[in-house]
Amino acid sequence: VYRPKGEKSNFMFFNPEARSKGYDQLAWGIGFGGTAQEPRLYIDEILDGSTAKDKDLTFENGPLLSNKDESNSYCGFEVEAIEAFGVGSSQVIEDAMNARVEHRKEAQKRIRNAMKGAKAAFLEDMQSGL
């Protein structure tokens, strides 16, 4: 366990592609320590371009991977498995899952409405001879 050093407070960041679309120039995934541009531990969104470093200004120094090359403080790896935990009662988790379903339904509804508007504009352009 590497404890915070107190020099920086970049404990964690989460940057999904759906939020940034690449405009913020940050990698898509989860990062711990370091900076948003160069986190100490980084797990990319598709789990195959992850990296780990031995040191940063947020946490105590030391290796994060047991089988890495000792001459290199930067190491790439692929994630084989992730274990995730939900916090709260089963009712809290069920409510969150239901809220996600409703959010997705609303997003699909907005997309359908936008597509209808685009189709109507296209037909109008076609009828006007554009």
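Located above this text is the structure these notes cover.
Conventions we followed
Residues numbered from 1 in each chain as written. Predicted model: local features only at pLDDT ≥ 70, side-chain atom pairs only at ≥ 80, totals over all residues. Heavy atoms only, no water. Helix = DSSP H or I, 4+ residues; strand = E, 2+ residues; numbered from the N terminus. Buried < 20%, exposed > 50% of the residue type's maximum accessible area, 1.4 Å probe, protein only. Phe/Tyr/Trp six-rings, centres within 6.5 Å; stacked < 30°, edge-to-face > 60°. Lys NZ or Arg CZ within 6 Å of the ring centre and 35° of its normal. Patch = residues over 30% accessible without salt bridge, like charges linked within 9 Å, V, L, I, M, F, W, Y side chains within 5 Å. Areas by Shrake-Rupley, 256 points an atom, 1.4 Å probe, with all protein chains shown as cover. Salt bridge = Lys/Arg side-chain N within 4 Å of Asp/Glu carboxyl O. Lys, Arg positive; Asp, Glu negative; His and termini not counted. Charge placed at Lys NZ, Arg CZ, Asp CG, Glu CD. Pairing = 2+ DSSP bridges. Axes fitted to C-alpha atoms, helices over the stretch in contact; angles between N-to-C directions. Contact = heavy atoms within 4.5 Å.

Before we go on, may I ask you to explain unusual backbone geometry in this structure?
Trans is the common state for peptide bonds, and a negative phi is the common state for residues other than glycine. For leucine 47, which is not glycine, the phi dihedral falls at a positive 70 degrees. Examined against the element boundaries, leucine 47 turns out to sit in the loop between β3 (41-44) and β4 (50-53). Owing to a relative accessible area of 31%, leucine 47 belongs among the partly exposed residues under this scheme.

What exactly am I supposed to notice about the packing of aromatic side chains here?
Aromatic ring pairs are defined here through the distance separating the ring centres and the angle between the ring planes. As enumerated under the stated definition, the model contains one aromatic pair in all. Arranged with centres 5.8 Å apart and planes meeting at 65 degrees, the rings of phenylalanine 11 and phenylalanine 59 form a pair that is edge-to-face. Remark: phenylalanine 59 occurs in the loop between β4 and β5 (74-77) and phenylalanine 11 occurs in the segment before β1 (12-15); sequence separation between them is 48 residues. For phenylalanine 59, a relative accessible area of 15% puts it in the buried group. A cation sits over an aromatic face here: arginine 40 above tyrosine 2, 5.1 Å from the ring centre.

Help me understand the side chain of lysine 53, please; the structure alone is not making it clear to me.
Relative to the helices and strands, lysine 53 is located in strand β4. Of the residues examined, lysine 53 reaches a relative accessible area of 16% and is grouped as buried.

Hey, could you run me through a positive patch on the surface in this one?
The grouping of Lys109, Arg112, Lys116 and Lys119 at the surface amounts to a positive patch. On the secondary structure map, lysine 109 appears in helix α2 (residues 90-128).

Is there a simple way to think about the sheet that holds β4 in this case?
Taken in spatial order, the five strands line up as β1-β2-β3-β4-β5 in an open sheet, and their pairing is antiparallel. Looking at strand neighbours, the two that pair on one side only are β1 and β5, the edges of this open sheet. Looking at each pair of strands side by side, their axes are set apart by 10 degrees on average, direction ignored. In the sheet, strand β2 (residues 29-32) pairs with β3 via four bridges, with the strands oriented antiparallel. For isoleucine 30, the partnering residue across the bridge sits in β3 and is isoleucine 43.

Can you help me understand the environment of arginine 3 in this one?
The residue arginine 3 is located in the segment before β1 in this model. Note on arginine 3: relative accessible area 53%, which makes it exposed. Those residues in contact with arginine 3 that lie beyond four places of it in its chain are Thr58, Phe59 and Glu60.

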